Amino acid sequence: MSEKTDKTEQQRLSVFKTYKLYVGGKFPRSESGRVYEVTDSKGKWLANAPLSSRKDARDAVVAARKAFGGWSGATAYNRGQILYRVAEMLEGRKDQFVREVADAEGLSKSKAAAVVDATIDRWVWYAGWTDKIAQVVGGGNPVAGPFFNLSTPEPTGVVTVLAPQESSFLGLVSVIAPVIATGNTVIVIASEKSPLPALSLGEVLATSDLPGGVVNVLSGKTAEIAAPLAAHQDVNAIDLAGADDELAKELEIAAADNLKRVLRPQPVDYSRTPGTERLTAFLETKTVWHPTGSLGASGSSY
């Protein structure tokens, strides 16, 4: 019986995973049908990843815009609950991400496990900020006159994010989570060299409570995908975290055409506790004036 089982295991063929894009809550192949080889740090083949086209980028913008109304209109508390659910799903698939991060970044299993733990903690950290950031950057303003003057933060809209090239998972989550925590929707261009953790993150998001289209994941050549998104008239902002200096300059010029908000690339140690900079980077401030009224015959006001 044992020999028969061993022979069966030896004859079994491996089932290779087919990685797909994540757009609008679905998993399409690239519109172009193209793929490219992804290898580990030693050059060993890992998988074929979709090579996104300009059409895929435009489809992602449509999906993100469609999802923006519902996501930005949800209560901050509800967004926090949904983001915490994503962290729960990540925790349940930790072993998969440890393997993918180890392959992508050339880390030992123990170091990769530490990176994945830090990534899940980072997601929980941003989930906790969803209903608190308004109290940090908003509030009542003192004015000389019978008025209330209140400032409140609102999401910018559809944001394109170029994920960090080297930090395939911790860096990825560090640039995605703050964008959606504040009510924006996002199109993320995964690390060109190490896209697999990002594509697997799409599978986690699809099985969480996150509405389709809030996060859209594209893989392929960063410059090729980013160019049409930087120039797209329905994209409101762009984070250039994963761009080199030359590409960042080109994209910033393209983004100026419709006055996109641009977050320039800068050296970041993603292992350190983040501040609120990325939370506030894609928020607009709405200020409302409201006249105060008189109370009673005395004419006192409130």
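Residues numbered from 1 in each chain as written. Predicted model: local features only at pLDDT ≥ 70, side-chain atom pairs only at ≥ 80, totals over all residues. Heavy atoms only, no water.

So, about the overall build of the protein chain. When you go through the protein chain residue by residue, the secondary structure sums to eleven helices and twelve strands. A principal-axis box enclosing the C-alpha atoms of the protein chain has dimensions of 100 × 45 × 35 Å. Counting only residues that meet the buried cut, the protein chain has 45% of its 302 residues in that class. Look at the contacts in the protein chain between residues 6 or more apart in sequence, and 75% of them connect residues 24 or more apart. When the accessible surface of the protein chain is summed, it comes to about 15100 Å², and 53% of that surface belongs to carbon and sulfur atoms. (Helix = DSSP H or I, 4+ residues; strand = E, 2+ residues; numbered from the N terminus. Buried < 20%, exposed > 50% of the residue type's maximum accessible area, 1.4 Å probe, protein only. Contact = heavy atoms within 4.5 Å. Areas by Shrake-Rupley, 256 points an atom, 1.4 Å probe, with all protein chains shown as cover.)

Taken as a whole and assessed by the stated rule, the structure comprises five aromatic pairs. An aromatic cluster is present here, built from Trp125, Tyr126 and Trp129 joined pairwise through their rings. (Phe/Tyr/Trp six-rings, centres within 6.5 Å; stacked < 30°, edge-to-face > 60°.)

Okay, the packing of helix H2 (residues 54-73) against helix H9 (residues 222-231) next. The contact between H2 and H9 brings their axes to 9 Å, and the two run at 45°. It follows that H2 is oblique to H9 by the angle criterion. Every pair of crossing elements has a handedness; the one defined by H2 and H9 is right-handed. For the pair H2 and H9, contact is made by Arg54, Ala57 and Val61 and by Ile225, Pro228 and Leu229, respectively. A breakdown of the residues in the contact of H2 with H9 according to their chemical character gives five nonpolar, no polar and one charged. (Axes fitted to C-alpha atoms, helices over the stretch in contact; angles between N-to-C directions. Parallel < 35°, antiparallel > 145°, perpendicular 65-115°, else oblique. Left-handed = near helix turned anticlockwise from the far one by under 90°. Nonpolar A, V, L, I, M, F, W, Y, C, P; charged D, E, K, R; others polar.)

Moving on, we come to unusual backbone geometry. Positive phi outside glycine occurs at leucine 259, with the angle close to 55°. The residue leucine 259 is located in the loop between helix H10 (245-255) and strand E9 (261-263) in this model.

With that settled, consider the nonpolar core. Among the nonpolar cores identified, the biggest contains 61 residues, and Trp123, Ile176, Ile180 and Val215 are the most heavily contacted of them. Among the elements that line this core, the one with the most residues is helix H7 (residues 170-181), at nine residues. When sequence neighbours within four positions are dropped, the list of residues in contact with isoleucine 180 reads Trp71, Arg79, Leu83, Trp123, Val186, Leu210, Val214 and Val215. Counting residues in each nonpolar core, the second largest holds 24 residues, with Ala60, Leu162, Leu229 and Leu247 among its members. (Core = buried A, V, L, I, M, F, W, Y, C linked by side-chain atoms within 4.5 Å.)

Relative to the elements of secondary structure, proline 195 occurs in the loop between strand E6 (185-189) and helix H8 (196-206). Given a relative accessible area of 0%, proline 195 falls into the buried group. Sequence-wise, proline 195 and glutamine 165 are 30 residues apart; in three dimensions their C-alpha atoms are separated by 8.9 Å. Excluding residues that lie within four positions of it along the chain, proline 195 makes contacts with Tyr36, Val38, Ala49, Ala190 and Ser219.

Below, the discussion takes up the sheet that holds strand E5 (residues 158-162). As summarised here, the arrangement of the five strands in space is E7-E6-E5-E8-E9, forming an open sheet in which the pairing is parallel. For this open sheet the edge positions go to strand E7 (215-218) and E9, each flanked by a neighbour on one side alone. Neighbour-to-neighbour, the strand axes of the sheet open up by a mean angle of 15°, direction not taken into account. Looking at chain direction, E5 and E6 are connected through five bridges and run parallel. Paired with valine 158 across the bridge in E6 is threonine 185. (Pairing = 2+ DSSP bridges.)

Residues Val215 and Val217 point to one face of E7 and Asn216 and Leu218 to the other, with burial holding for every one of them. Of the pairings in the sheet, the one linking E6 to E7 comprises four bridges and is parallel in character. Within the sheet, the bridge partner assigned to isoleucine 189 lies in E7 and is leucine 218.

Here we come to the sheet that holds strand E4 (residues 147-155). Judged by pairing direction, the sheet is antiparallel, and its three strands sit side by side in the order E3-E4-E10 without closing on themselves. Bordering the open sheet on either side are strand E3 (139-140) and strand E10 (283-291), each of which pairs with just one other strand. As defined by bridge partners, E4 adjoins E10 across nine bridges and the pair is classed as antiparallel. Paired with asparagine 149 across the strands is tryptophan 289, a residue of E10.

With that settled, the discussion passes to the pairing of E6. Judged by how many residues are buried, E6 sits mostly within the fold: five of five residues are covered. On the question of chirality, the crossover connecting E5 to the parallel E6 by way of H7 is right-handed. What joins E6 to E7 is H8, and the crossover it makes is right-handed. (Right-handed = clockwise from strand over helix to strand, strands pointing away.)

So, about H2. Taking 1.5 Å per residue, 20 residues should reach 28 Å; H2 reaches 29 Å between its end C-alpha atoms and fits that length. Among all positions of H2, only Asp56, Ala57, Ala60, Val61, Ala63, Ala64, Ala67, Phe68 and Trp71 are buried. (Expected span 1.5 Å × (residues − 1).)

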